[in-house]
Amino acid sequence: MTRSRPPLIDLPGPNPTHPTTSATGLSRRALLKGGLQGLGLAGLSSLGLTACQPAQGGQVEPQANYGRREPVPAELLDKASIPTFPNTRFFADRPSRDFAAWLDIWTRQRRNLGLASTKPMDAIAFSGGSSEGAFGGGLMVGWGQRGDRPVFDLVSGISAGAIVGASVILGHGYEQRIQAAFTSNAFSDILTLRPTSLLFGGPSLSSAAKLASQLEEQVDDAMIDQIGRAYHAGRRFMVITSNLDQQRPVAWDITAIAASLHPSRYALVRKVLLASAALPGLFPPVRFAVVADGKAYDEFHVDGAVTQGLYLFPGAQDSLTTVRQMAPEMRFNIYMVINGPILPTYDPVRARALNLANSSLQTLLKNRTAGDVKEIFRIAQFFQTPARLTFLPQDMSQTSETNSFKADYMNKLFAYGQERGLKADLWYDRFPLI
């Protein structure tokens, strides 16, 4: 018997009054050669989880509905929650009461399971990276094949990194799922664009219905049930989205949502993953229904990379006091995977608006991620535990080329990452010098 599910997403479908433009031929080349490759650094369009046509049978919010909102009032921002999923999210930019409550639940659970000890936990953080997320996916597969990849206690992911993290939190045996996510899809038609929709007040150039449909296949109900079992084993998987209304990053405990047994848990897990990949302008924001002081409101969330380059704890240094006070036994072996280059690179830019905007955005994203990496190294120093970093070399990156979204490029990056994962010398133990 087929199990019915609540609506997966609230997204705009195709509008018959707005002609679509297939992202092939000259129109696609012009678009990709312009600004979207840079934007794609933060997105997931390269995973084959791309927006083309609405999912069959899916319930899609009409485009006009995006203007009908009940945003959370400023005085209630700290009270907004999803009542059916308490203690599953908090702001990722600084410690809060919600973070303290989440940390208390986790530490008490680990103590009850007999996991609290002086032995450091293993934690890994994945950045976003669009097509270059294939590097992190291949890295995890190769490391697993080498045989000494830990079963991580804490996994965090942003955008493309969240797709990798969803399998990594489950331990070994999911390498084929990681590989399929990055290498089994065709990229001849990346998007079906609706540029005229912007003239009519639309929220994006493309629908994200196909993206949602692909997420439902990649992260199916059985996998989400397995993620819930990881929660009961004392492990945590965090995904970052950006709350546009507050301009702040939000950390979602996907393991806690999956373990809740609430009927809508499957939809919410995939909805968070979708939001973490919803590149503003290209895909519409994802709407979350929340409650504050007993009244219903909504929030708009987009790509986590808009507000966070890499995540371990909220506010990094500011959260250390909270962790040390509440869980003095918590120590970590930290691994960081950057799905793209991280060091400054000499790359003369053409004096054209799109080229300048593209280069500026890439520079912004790269420097913010570098700042997050340095902050996590300081966390490791505070905890007196090791931290390790790996990233994609600049000479392997082709984000400025139109073929950065092609299947052969994805396969090349996956194979390179897999080769690196099989080796023992892939980690830096400090931020590399320029």
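## A look at the overall build of the protein
Here's step 1: In terms of regular secondary structure, the protein is built from 12 helices and 11 strands.
Here's step 2: Burial status across the protein gives 57% buried among its 434 residues.
Here's step 3: Contacts in the protein between residues at least 24 apart in sequence constitute 83% of all its contacts with a sequence separation of at least 6.
Here's step 4: On the protein, roughly 18,000 Å² of surface is accessible, and the fraction owed to carbon and sulfur atoms is 52%.

## Some thoughts on the side chain of Thr390
Here's step 1: Counting through the fold element by element, Thr390 comes out in strand E11 (residues 387–391).
Here's step 2: Only 3.0 Å separates the side chain of Thr390 from the backbone oxygen of Leu426, close enough to count as a polar contact.
Here's step 3: If near-sequence neighbours (up to four positions away) are discounted, Thr390 is found in contact with Phe135, Leu139, Met336, Val337, Ile338, Arg420, Leu426 and Trp427.

## Brief notes about the confidence of the model for the protein
Parts of the prediction with low pLDDT should not have their coordinates interpreted in detail.
Here's step 1: Overall, the predicted model of the protein reaches an average pLDDT of 79, with 76% of residues at or above 70.
Here's step 2: No element of the protein has a lower mean pLDDT than helix H1 (residues 25–40), at 38, and none a higher one than helix H8 (residues 254–259), at 98.
Here's step 3: In this model residues 186–190 is a low-confidence stretch, pLDDT under 50, and it forms 23 contacts with partners more than four residues away in sequence or in other chains.

## Focus on the pairing of strand E6 (residues 236–243)
Here's step 1: A large share of E6 lies buried, amounting to eight of its eight residues.
Here's step 2: Burial of E6 is two-sided: the residues Arg236, Met238, Ile240 and Ser242 facing one way and the residues Phe237, Val239, Thr241 and Asn243 facing the other way are all buried.
Here's step 3: As paired strands, E6 and strand E7 (residues 248–253) are joined by six bridges and run antiparallel to one another. Within the sheet, the bridge partner assigned to Met238 lies in E7 and is Asp253.
Here's step 4: Counted between consecutive antiparallel strands, the loop separating E6 from E7 contains four residues, among which Gln247 sits at a positive phi close to 55°.
Here's step 5: Relative to strand E9 (residues 295–303), E6 is paired through three bridges, and the arrangement is antiparallel. The residue of E9 that forms the bridge with Ser242 is Val302.

## Focus: unusual backbone geometry
Here's step 1: Unusually for a residue other than glycine, Asn87 sits at a positive phi of about 55°.
Here's step 2: You can see Asn87 is positioned in the loop between H1 and strand E2 (89–91).
Here's step 3: In the Ramachandran plot, Gln247 falls in the positive-phi region, its phi being about 55° despite a non-glycine side chain.
Here's step 4: One can find Gln247 in the loop between E6 and E7.
Here's step 5: The class for Gln247 is exposed, based on a relative accessible area of 68%.

The rules behind the values
Residues numbered from 1 in each chain as written. Predicted model: local features only at pLDDT ≥ 70, side-chain atom pairs only at ≥ 80, totals over all residues. Heavy atoms only, no water. Helix = DSSP H or I, 4+ residues; strand = E, 2+ residues; numbered from the N terminus. Buried < 20%, exposed > 50% of the residue type's maximum accessible area, 1.4 Å probe, protein only. Contact = heavy atoms within 4.5 Å. Areas by Shrake-Rupley, 256 points an atom, 1.4 Å probe, with all protein chains shown as cover. Polar contact = N/O pair within 3.5 Å; in protein donor to acceptor, adjacent residues only side chain to side chain. pLDDT = per-residue confidence, 0-100. Pairing = 2+ DSSP bridges.

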